[in-house]
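# Summary of structural features
What follows is the residue order along each chain.
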Amino acid sequence: TRIAKLLNAEHAPSPRPKCGRPATWAPSSVKEILDRRLYLGEVVWNRTEKRDSWGQKNQHDRPESDWIRTAAPQLRIVSDDEWQAAHGRISATRASITTLSRGQQHQVPSRSRDIESNYLLSGFARCAVCGGGLGVMGGSRTRARPHSYGCLSYHKRGTAVCGNGLKMPIDRVDDAVLRTLGGDVLRPAVILAVVDGVLAALEPRNLAQEIAQMRSEREAVEREMGNLVKAIAAGGPLETLVVELKARETRRGELVTVLISVALATISPVHKKSPGQRPGLPSREMYNSW
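Given the structure is predicted, the values throughout are model-derived calculations rather than measurements.

## Observations concerning the overall build of the protein chain
- On a plain count of helices and strands, the protein chain comes out with 10 helices and 7 strands.
- As presented, the protein chain carries roughly 21,800 Å² of accessible surface, and 55% of it is formed by carbon and sulfur atoms.

## Notes on the nonpolar core
- Leu121, Ala125, Cys127, Cys130, Leu134, Tyr149, Cys151, Cys162 and Ile170 form the largest nonpolar core, which has 9 residues in total.
- Dropping the residues within four chain positions of it, Ile170 is found in contact with Tyr119, Val136, His147, Ser148 and Tyr149.
- One finds Met214, Leu228, Leu241 and Leu259 within the second-largest nonpolar core, a separate group that totals 8 residues.

## Some remarks on the sheet that holds strand 5 (residues 134-137)
- The sheet built from 3 strands is open, its strands ordered 5-6-7 with antiparallel pairing. The sheet terminates laterally at strand 5 and strand 7 (168-169), the two strands that pair on one side only.
- Relative to strand 6 (residues 148-151), strand 5 runs antiparallel, the two being bridged by 4 bridges. Of the residues in strand 6, the one forming a bridge with Leu134 is Cys151.

## A few points about a nonpolar patch on the surface
- On the surface, Leu120, Leu178, Leu181, Val185, Leu186, Ile191, Val195 and Leu199 cluster together to form a nonpolar patch covering roughly 660 Å² of accessible area.
- Breaking the nonpolar patch down by element, the ones donating at least two residues are helix 6 (170-185) and helix 7 (188-202).
- Owing to a relative accessible area of 38%, Val185 belongs among the partly exposed residues under this scheme.

## Side note on the pattern of salt bridges
- A full pass over the atoms with the stated rule returns 12 salt bridges.
- The shortest N-O distance in the salt bridge between Arg37 and Glu42 comes to 2.8 Å.
- When its relative accessible area of 32% is taken as the criterion, Arg37 is described as partly exposed.
- Across the salt bridge formed by Arg251 and Glu217, the nearest N and O atoms sit 2.9 Å from each other. Linking Arg251 in helix 9 (residues 238-266) with Glu217 in helix 8 (residues 207-233), this pair joins segments that are 34 residues apart in sequence.
- Accessibility expressed as a relative area gives 32% for Glu217, which makes it partly exposed.

## Re unusual backbone geometry
- Positive phi is not limited to glycine here, since His11 has a value of about 55°.
- With respect to the helices, strands and loops of the structure, His11 is situated in the loop between helix 1 (2-9) and helix 2 (27-34).
- Overall, the relative accessible area of 65% leaves His11 in the exposed class.

## Comments concerning the environment of Leu178
- With respect to the element layout, Leu178 can be found in helix 6.
- For Leu178 and Leu120, which are 58 residues apart along the polypeptide, the C-alpha to C-alpha distance reads 9.6 Å.

## What to know about the pairing of strand 6
- Burial along strand 6 is two-sided: the face carrying Ser148 and Gly150 and the face carrying Tyr149 and Cys151 are both buried.
- Looking at chain direction, strand 6 and strand 7 are connected through 2 bridges and run antiparallel. Bridged to Tyr149 within strand 7 is Met168.

## Section: the side chain of Asp174
- With respect to the helices, strands and loops of the structure, Asp174 is situated in helix 6.
- Ignoring anything within four residues of it in the chain, the contact list for Asp174 reads Leu120, Leu121 and Tyr149.

## So, the environment of Ala23
- For Ala23, the location among the structural elements is in the loop between helix 1 and helix 2.
- A residue is classified by how much of its surface remains accessible, and Ala23, at 56% relative accessible area, is exposed.
- Each C-alpha atom, one on Ala23 and one on Asn8, is 9.8 Å from the other, the two residues being 15 residues apart in sequence.

## Notes on the confidence of the model for the protein chain
- Per-chain confidence: the protein chain averages 79 in pLDDT, with 79% of residues scoring 70 or above.
- Within the protein chain, no element has a lower average pLDDT than helix 4 (residues 110-115), which sits at 45, and none a higher one than strand 6, at 91.
- Low pLDDT, under 50, characterises residues 105-114; the stretch is placed with 5 contacts to residues that sit more than four places away or in other chains.
- Across residues 268-282 the pLDDT falls below 50, and counting only partners more than four positions away or on other chains, this stretch makes 9 contacts in the model.

Thresholds applied
- Residues numbered from 1 in each chain as written.
- Predicted model: local features only at pLDDT ≥ 70, side-chain atom pairs only at ≥ 80, totals over all residues.
- Heavy atoms only, no water.
- Helix = DSSP H or I, 4+ residues; strand = E, 2+ residues; numbered from the N terminus.
- Areas by Shrake-Rupley, 256 points an atom, 1.4 Å probe, with all protein chains shown as cover.
- Core = buried A, V, L, I, M, F, W, Y, C linked by side-chain atoms within 4.5 Å.
- Buried < 20%, exposed > 50% of the residue type's maximum accessible area, 1.4 Å probe, protein only.
- Contact = heavy atoms within 4.5 Å.
- Pairing = 2+ DSSP bridges.
- Patch = residues over 30% accessible without salt bridge, like charges linked within 9 Å, V, L, I, M, F, W, Y side chains within 5 Å.
- Salt bridge = Lys/Arg side-chain N within 4 Å of Asp/Glu carboxyl O.
- pLDDT = per-residue confidence, 0-100.

Take a look at the structure:
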């Protein structure tokens, strides 16, 4: 965390963030760099597998025994002594934390810590100043000191990223959110409107009506294209007319593509094959009708 705050204070270029996150250094980014063996001149392959035993796409980690390590001394930017010094300090810090917590640091499985949360807003609520995530600050489960919400960017990335140091008691914020949800969102009129929208989306599509509307729009676009061509031939404002004509051509192409896609989706895959026609494809007469 201290390294991330220092880099942000110095406005050092940071890795590209996820969509909606601030473009700054985070403690997780620093840890990723400290653990990257590429900087030692070692390239590691085969760390993940794209498909599972059933052949389905399901990327997952491979055991370390399957990793392939290749030496690339031309990529080295860190010496062995520097690497050992950094990771020695990390190990010493981890050991001291374990000692201070009386050996109970890893009592809770990491998976449950990542998935389950005892707090309502941590993980998806955002800071109104910088857009960073809100997290739980301080507090104690065994003492009277209450927990509070605060901006993680301010506390983990430094004041160069966000100046919002406000902390609010968790109970106060949670009660305000739940009252708002109960009064503004979970009203019968809102719920019924959502249900009606879902039911409407699940109703069978009237393909015949949609196709008729798209054909009508395609014909209107073609008439407009004809009028634009006549205007160009008559010596009208050439640049403007050409732009309009290209827009109509693009729209006509979109409509034709959708019409063909809908029609192909409604054709039986075992329809009778006519002479000279590839199986599974419509005839030229059917194509022209679309």
